Structures are given as C-alpha cells and as structure tokens.
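Residue-level listing of the chains:
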Amino acid sequence: MGDSDGEDTVETPGLPVEVVVYILSFLHTSDRKEASLVCRSWYSASQDPRFQKNITFRFPASASSLELIRGLGRKPRCNLIISQLDGFSISRSLLLEVGLCLGPKLESLALPGSSITEASLLALLPRLTSLRRLDLRGLDSLFMSGAFLSREEHRQQVRSALCGLEELDLSDLRYLSDLTFNRLTGCTPRLRRLSLAGCHIAFEFDPYRGCPVGAVEDSSALLSLRNLRRLLMEQKSTLVALDLSRTSITPESLRTVAQVQGLFLEELILHGCKELTNYSVEVLVKHQPSLLKLDISGCTELTSRSVEAIARGLKSLTHLSLSRDWRITEKGLSDLLLLPSLRSLDLSECLHINGTEMVKGLKGSDAARRQLETLNLRSCTYIRDPAVFFLAQLLGDTLCELDLTSCSNVTDLSVCAVATYLQKLVVLRLGWCKEVTDWGLLGMVQRAKCEPDEETGDKGPRFTRTFGNMGFFKPPRLPFEERPKLVTPNDLEQFRVQAGASLLALSRLQELDLSACSKLTDSSITQVMRFPDLHHLSLSMLPEITDDSLVSTARHCRSLTSLALSHCPGISDRGVAQAAPYLPRLQHLYLSCCNNITDRSLLLLVQHCKRLRTLDISRCNNISAAAVDLLQTRLPFLENLHYKFIGGADLSLTL
C-alpha cells in the first residue's frame with residue numbers, strides 16, 4: 001500500500017490458497033463462481049475438491065464441445081449431460097473424446113433428447129470404469145432393433161466397466177423388451193436405483209396361456225412383470241429405489257413387487273398409476289414398512305383410506321406426495337402429521353383439503369418432533385387464512401418451502417402470518433393468490449386481523465357468485481369489482497419507521513412467485529424486493545407494476561438467475577436499460593407479451609446478460625427478426641429462444 005503522497009508503494013502479498021479456500025467455503029455456489037473470476041489464484045482455490053462434489057456439466061453436441069471435454073479432463077471427477085446427440089460424425093467424435101479424456105473420471109452420464117447408434121454407445125461404455133449413474137431415458141434408437149448387447153463379447157466388456165453402476169434410468173422407452181432388459185441389467189449387478197417410468201410393461205393377464213404375459217419365455221416386444229420380479233429378487237440386497245410411474249401397474253402386480261422376499265425399498269414412485277386402489281396401498285405398507293419416500297400422486301382412485309394406512313404403517317416416512325389424488329379428504333391427515341420423521345408433504349390439487357385436520361395433528365404433537373420442511377398446498381382452494389395462520393405458527397421452526405399457488409381464499413392476513421412466523425423460508429409461492437395486495441407485502445395489516453378468531457358472529461346472509469338477485473337482498477359485490485385501497489406516500493413513510501411483519505422478514509428467500517397477484521403495484525414491490533440470495537423471481541401478470549419495480553428489484557436482488565415478467569405491460573426498454581447492468585448472473589428471462597420491449601432491450605441483454613440460456617419474447621410486437629438473429633449469434637449459452645408472433649409474424653422457434 002502507498003502513503004498519501006504516493007512516494008512508496010508496497011504490493012500486498014497474495015493470500016495463501018488455504019485461506020482463500022476457507023473464505024470461499026462461506027459463499028453460495030453462484031457467489032463462488034463470481035469470486036473465481038477475480039484472479040488466477042482465486043480460480044485455483046475455487047477448484048478445491050470440497051467444491052467439486054456433484055458438479056454436472058450440461059451442453060449440446062457441437063464441434064465447440066470437443067474442446068470443453070478436453071478441458072474437463074483436468075478435473076478429478078466429472079458428471080455430464082450431453083443433449084442432441086445423433087448418428088453423425090460430430091456426435092461420434094464427441095462420444096469418442098468423452099471416453100478418451102474422461103473415461104475413468106466420469107461418474108454420471110445422461111443423454112437426453114438424443115438418437116445415437118448402438119455402435120457409438122458400445123464403443124463408449126467399456127471406457128467408463130467409474131460410472132455410478134447412467135441415464136438412457138427416451139433413447140428408443142438403442143432398443144428399437146432388439147439387438148442391443150446381443151453379442152457376448154460386448155456384454156463382457158460392458159459388465160467389467162459397469163459392475164459398480166448404482167443408478168439406471170430407462171424411463172420412456174417404448175421398445176424395451178425382456179431380452180434387452182435382461183442383457184443390460186445383467187451387466188449392472190449392484191443397482192441401488194432403477195427407473196422404468198413410462199415404459200410399456202406387460203402387467204396384464206394372458207387369457208390364452210392362463211398366466212401373466214411373459215411368464216413362459218422372454219418377450220422380444222415387451223418387458224414383463226416376470227422379468228421385473230426376477231431382477232428384484234437378484235438385486236434385492238442392494239436395490240432401495242424403484243420408479244414405476246406412468247405404467248399400467250395393477251393392484252395384483254404391485255402386490256407381487258411388494259412381496260419379493262428380502263426386498264426392502266426405501267423409495268417408491270408410482271406417480272400417475274391410475275389403476276391402483278386403496279387395497280394396493282394397504283398391501284404395500286404391510287410388506288414394505290421401511291419406505292422413506294413414497295409418491296402416489298395422480299393415483300385418482302385413492303381415498304383417505306390410503307392416508308390412514310400410510311399413517312399407521314410407515315412410521316419412518318420422510319417424503320410423501322399425494323398430489324392430484326382428488327378423492328382424498330381431511331380424514332387421516334391429523335395422524336399423518338404425527339409421523340415424527342415426515343419432512344415433505346405434497347397435497348397440491350387435493351381439492352377437499354382445508355387444513356383443519358393438519359392443524360389438529362400438529363397441535364397434538366410435541367413441538368420438538370415437528371420436522372416438516374416442505375409443504376405444498378397448491379390449488380387447495382378451501383385453504384383459508386385461519387389455516388395458514390395456525391400452520392405458520394406451528395411450523396415456524398422447521399418449514400423452508402411453502403407453496404400456496406392458486407389458493408384463491410388466501411389474503412393479506414396469510415402473508416402477514418407467513419412473514420411473522422416462517423422466517424426460515426427459502427421458497428415461497430403465492431402465484432394466483434389474487435386477494436394479496438400491497439398491504440400484505442408491506443406488513444401493514446392490522447394486528448387484530450392477523451390473529452383470526454375461532455368463533456365468528458353472524459354477519460348476515462351470504463351468497464354464492466351464481467346466486468341471482470331475487471329482489472329480497474342486494475347481492476354482494478364480486479371481488480374483482482373492488483379495487484384495493486392505494487398505498488400513499490404517508491403509508492410508505494410509516495412502513496419505513498415501524499417494525500412490521502413485512503415480506504422483508506424472509507431474508508433467506510431464494511425463490512419467490514407472485515405471478516398473477518394482480519393487485520400488487522410498485523408501492524410494495526419497490527420496498528420489499530431486497531433479498532440478496534434470491535435466485536428465482538416471478539412477477540408475471542402484474543398489470544400495475546412499471547419499470548420502477550424492475551429497476552429496484554435488479555438493484556437489490558443481484559443473485560437473480562431467473563426472472564419472469566411476462567404480461568407486464570408497464571415494463572419497457574427504460575427499465576431493461578437500468579436493470580440489465582445489475583443482472584450479470586441472469587440465465588432465464590421471460591418477457592412475453594411485453595409490448596413496450598423493443599430491439600433496444602435485446603441489444604442491452606447481449607451487452608450485460610451474457611449467460612442467458614432461456615429467453616421468451618413471444619408476442620412482443622416491437623421486436624424485429626433481425627434483432628433476434630443478432631441475439632442468437634452474440635449469446636453463446638442461449639439454448640431456448642422463444643419468439644412466436646414477434647412483430648406480428650409467426651416465427652416460432654425453440655433452439
């Protein structure tokens with residue numbers, strides 16, 4: 001450092017790498033990435049092995065990817081997701097380079113949206129001696145011929161490389177047969193997780209043979225229950241997770257799976273298995289009591305009888321999804337909330353849920369035993385403010401994620417309760433809660449209203465929205481006919497000096513969804529959007545906000561990676577010009593139907609938001625095709641560009 005006269009200058013010695021690593025250990029991943037760009041020594045510190053766990057590199061197949069793969073060869077281990085592979089020379093060269101440079105270092109490989117040849121994959125797999133996870137979902141090109149791994153020498157090579165494979169994803173394969181399934185799983189003897197979601201599995205009974213399909217011999221067309229059961233028996237000592245979502249599994253077939261002797265599943269996903277019944281769940285609970293995670297969402301035949309069976313039999317359950325199980329009511333939820341290890345509960349689109357039994361169950365449990373961290377009540381339209389108040393009060397010490405999307409009866413009182421009690425929240429979703437106003441976000445709701453009475457007096461006759469005026473009473477005004485009381489400058493001054501339960505209390509927020517809360521204005525958004533760790537924000541369909549909200553948000557939420565402003569007519573080039581310099585980390589931006597956005601905004605995004613991967617400018621009438629072409633050439637990471645009906649023309653494209 002130099003003195004005031006600038007005569008003597010002494011360079012500050014560089015910090016030891018160990019000290020820089022220690023400093024970086026306190027930063028979030030996105031902040032650590034930014035810090036790694038300071039200088040070479042900080043970059044080297046950011047490559048410390050403690051920061052390199054479970055890092056996945058995702059990129060499409062292209063000629064430029066070859067150099068990236070060679071660079072990854074310097075890392076001790078690596079996970080890859082390579083999309084858009086095909087049978088042409090670039091893809092073959094890319095897979096060959098993966099094998100040569102990353103073979104013994106690659107731990108996970110996924111090939112989504114690809115159509116590769118058997119020869120290309122068979123040339124790669126024997127080199128991947130450290131592979132722990134292989135994702136082949138949707139790769140019908142591999143299995144269409146039925147000849148994959150048909151040669152013994154190929155099976156021996158693959159078996160020697162994949163003997164340590166723990167996770168295998170075969171989802172959405174239309175041509176998976178007994179033959180190919182046996183060949184592939186015969187090369188992976190120590191599986192812990194297997195996904196067959198969306199596969200065509202023959203669970204049904206064959207009336208001509210008097211036995212299940214495939215019970216006599218291996219099928220060359222379909223995967224049969226017999227072969228699935230055989231795999232479960234062979235690998236029962238290691239297999240702990242199974243995904244049979246979107247299959248036609250029947251109650252009898254699930255019973256066959258659950259009763260495999262010595263099989264102790266910890267995770268079972270049965271999303272969208274519409275033939276399952278309450279009896280299926282009761283049998284499952286009886287034979288697999290060690291389940292920790294269970295997803296039976298979209299199983300529309302299930303009722304509260306299944307909930308009661310789960311509460312009785314799965315005492316170690318940590319994650320449960322009952323989403324879109326429309327017949328489920330409040331019955332059994334109080335017992336379910338008594339489970340001491342339950343951490344995540346998804347009741348989204350369970351239309352008969354009002355929260356009463358959930359509150360009862362939580363009140364009946366010891367506060368020290370409440371472990372619920374994630375609660376999803378999306379589209380539970382019977383949820384009202386009193387339920388949210390008591391849930392927030394009872395779960396304040398543990399809840400990190402709350403989804404109240406489309407809970408149409410939730411008002412400012414619920415926002416007040418959430419801000420008061422749930423200050424550990426990391427994710428909050430209030431989209432389509434149309435009764436939420438500026439007052440709720442500012443925490444200026446009267447305190448008396450924040451504590452709902454359990455008994456309310458008679459307030460006179462009430463009507464449904466469809467009840468006509470028969471001449472005796474004047475029908476109540478509809479909610480959308482009433483405009484909220486505007487926040488005045490005096491109100492804002494009071495907000496600044498008082499310590500209220502505003503949204504600012506949720507200082508840990510990383511994701512916030514306020515889309516379609518149409519009564520919100522600049523008055524609240526400019527005051528409460530001050531979350532340094534916020535990564536995902538949706539303000540779509542807020543017709544009253546303007547550039548002031550965008551600029552204020554950008555200045556105070558500089559960690560944003562995803563921002564949705566679709567259908568916000570008050571957003572213009574002026575706002576983008578002032579906000580873009582504060583958003584260098586932005587990766588996903590949604591501006592569809594913002595007609596005050598022009599070519600100038602695209603040029604500003606090119607200049608300041610070079611990491612954009614997704615951009616939606618559909619139906620922006622003042623954007624030209626020439627500006628879109630320039631955008632594509634100047635943003636190297638752009639993967640998804642949507643520009644349908646720009647300038648009034650239909651030029652839809654998804655890269």
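Residues numbered from 1 in each chain as written. Predicted model: local features only at pLDDT ≥ 70, side-chain atom pairs only at ≥ 80, totals over all residues. Heavy atoms only, no water.

Points about helix α9 (residues 178-185)
For α9, the buried fraction is high: six of the eight residues fall into the buried class. Within the span of α9, buried status applies to Asp-178, Thr-180, Phe-181, Arg-183, Leu-184 and Thr-185. Buried residues in α9 make contact with α7 (140-143), α8 (152-162), β5 (167-169), β6 (193-195), β10 (223-224) and α10 (225-234). (Buried < 20%, exposed > 50% of the residue type's maximum accessible area, 1.4 Å probe, protein only. Helix = DSSP H or I, 4+ residues; strand = E, 2+ residues; numbered from the N terminus. Contact = heavy atoms within 4.5 Å.)

What about a nonpolar patch on the surface?
Taken together, the side chains of Leu-15, Val-19, Tyr-22, Ile-23 and Phe-26 define a hydrophobic patch exposed on the protein surface, amounting to about 500 Å² of accessible area. The partly exposed category is assigned to Leu-15, whose relative accessible area is 46%. (Patch = residues over 30% accessible without salt bridge, like charges linked within 9 Å, V, L, I, M, F, W, Y side chains within 5 Å. Areas by Shrake-Rupley, 256 points an atom, 1.4 Å probe, with all protein chains shown as cover. Salt bridge = Lys/Arg side-chain N within 4 Å of Asp/Glu carboxyl O.)

A word on the pairing of strand β2 (residues 78-83)
Buried residues dominate β2, accounting for five of its six residues. Summarising the sheet, strand β1 (residues 56-60) and β2 pair through five bridges and their orientation is parallel. The residue of β2 that forms the bridge with Thr-56 is Asn-79. Handedness of the crossover is the feature at issue here: the chain leaves β1, passes through helix α4 (residues 65-72), returns alongside β2, and the resulting connection is right-handed. Pairing between β2 and strand β3 (residues 106-110): four bridges, direction parallel. In the strand pairing of β3, Ile-81 is matched with Ala-110. Regarding topology, helix α5 (residues 89-102) serves as the crossover connection from β2 to the parallel β3, and that connection is right-handed. (Pairing = 2+ DSSP bridges. Right-handed = clockwise from strand over helix to strand, strands pointing away.)

Description of the side chain of Ser-515
Considering the arrangement of structural elements, one finds Ser-515 in the loop between β19 (511-513) and α21 (522-528). When near neighbours in sequence (up to four residues on either side) are disregarded, Ser-515 contacts Gly-431, Trp-432, Ser-538, Ser-540 and Leu-542.

What about the pattern of salt bridges?
Here the structure, examined in full by the defined rule, presents 25 salt bridges. Of the charged contacts in the structure, one is a salt bridge between Glu-267 and Arg-193, with a shortest N-O distance of 2.8 Å. Placement of the pair is Glu-267 in strand β12 (residues 267-269) and Arg-193 in strand β6, with a sequence separation of 74 residues. Notably, a salt bridge pairs Arg-429 with Asp-403, separated by 3.5 Å at the nearest N-O pair. You can see Arg-429 sitting in strand β18 (residues 427-429) and its partner Asp-403 sitting in strand β17 (residues 401-403), a full 26 residues away along the chain. Judged by its relative accessible area of 18%, Arg-429 is buried. Salt bridges linked by common partners bring Arg-133, Asp-135, Arg-137, Glu-167, Asp-169, Arg-193 and Glu-267 together as one network.

Looking at the packing of aromatic side chains
This structure, assessed with the given rule, holds four aromatic pairs. Considering the side-chain rings of Tyr-22 and Phe-26, the 5.1 Å spacing of their centres and the 85° angle between planes classify their relative orientation as edge-to-face. Taken as a pair, Tyr-22 and Phe-26 share a single burial class, namely exposed. Summarising the aromatic geometry, the rings of Phe-389 and Phe-390 are spaced 5.3 Å apart at their centres and angled 80° between planes, so their arrangement reads as edge-to-face. Summarising the burial analysis for this pair, Phe-389 and Phe-390 share the class buried. Taken together, Phe-389, Phe-390 and Tyr-421 form an aromatic cluster joined through their ring pairs. Above the face of the Phe-390 ring, Lys-363 is positioned so that its terminal group lies 4.5 Å from the ring centre. (Phe/Tyr/Trp six-rings, centres within 6.5 Å; stacked < 30°, edge-to-face > 60°. Lys NZ or Arg CZ within 6 Å of the ring centre and 35° of its normal.)

Section: the packing of helix α16 (residues 385-394) against helix α17 (residues 412-421)
The N-to-C vectors of α16 and α17 enclose an angle of 0°; their axes lie 9 Å apart at closest approach. Taken as axis vectors, α16 and α17 run roughly parallel relative to one another. Within the contact between the two elements, α16 uses Asp-385, Val-388, Phe-389, Ala-392 and Gln-393 and α17 uses Leu-413, Ser-414, Ala-417, Val-418 and Tyr-421. Here the contact of α16 with α17 is built from residues that sort into seven nonpolar, two polar and one charged. (Axes fitted to C-alpha atoms, helices over the stretch in contact; angles between N-to-C directions. Parallel < 35°, antiparallel > 145°, perpendicular 65-115°, else oblique. Nonpolar A, V, L, I, M, F, W, Y, C, P; charged D, E, K, R; others polar.)

A look at unusual backbone geometry
Most peptide bonds take the trans form, and the phi angle of most residues other than glycine is negative. Backbone geometry at Ser-379 places phi at a positive 65°, although glycine is not the residue there. With respect to the element layout, Ser-379 can be found in the loop between β16 (374-376) and α16. On the basis of relative accessible area, Ser-379 is assigned to the buried category, the value being 18%. Phi is positive for His-567, which is not a glycine, with a value near 60°. Residue placement: His-567 occurs in the loop between β21 (562-564) and α23 (573-579). His-567 gets classed as partly exposed once you look at its relative accessible area, which sits at 40%.

Focus on the environment of Asp-295
Mapped onto the fold, Asp-295 is located in strand β13 (residues 293-295). On the basis of relative accessible area, Asp-295 is assigned to the buried category, the value being 19%. Spatially, the C-alpha atoms of Asp-295 and Leu-320 are 5.8 Å apart, while their sequence positions differ by 25 residues. Ignoring anything within four residues of it in the chain, the contact list for Asp-295 reads Leu-268, Ile-269, Leu-270, His-271 and Ser-321. A polar contact of 2.6 Å, which involves the side chain of Asp-295, links it to the side chain of Ser-297. (Polar contact = N/O pair within 3.5 Å; in protein donor to acceptor, adjacent residues only side chain to side chain.)

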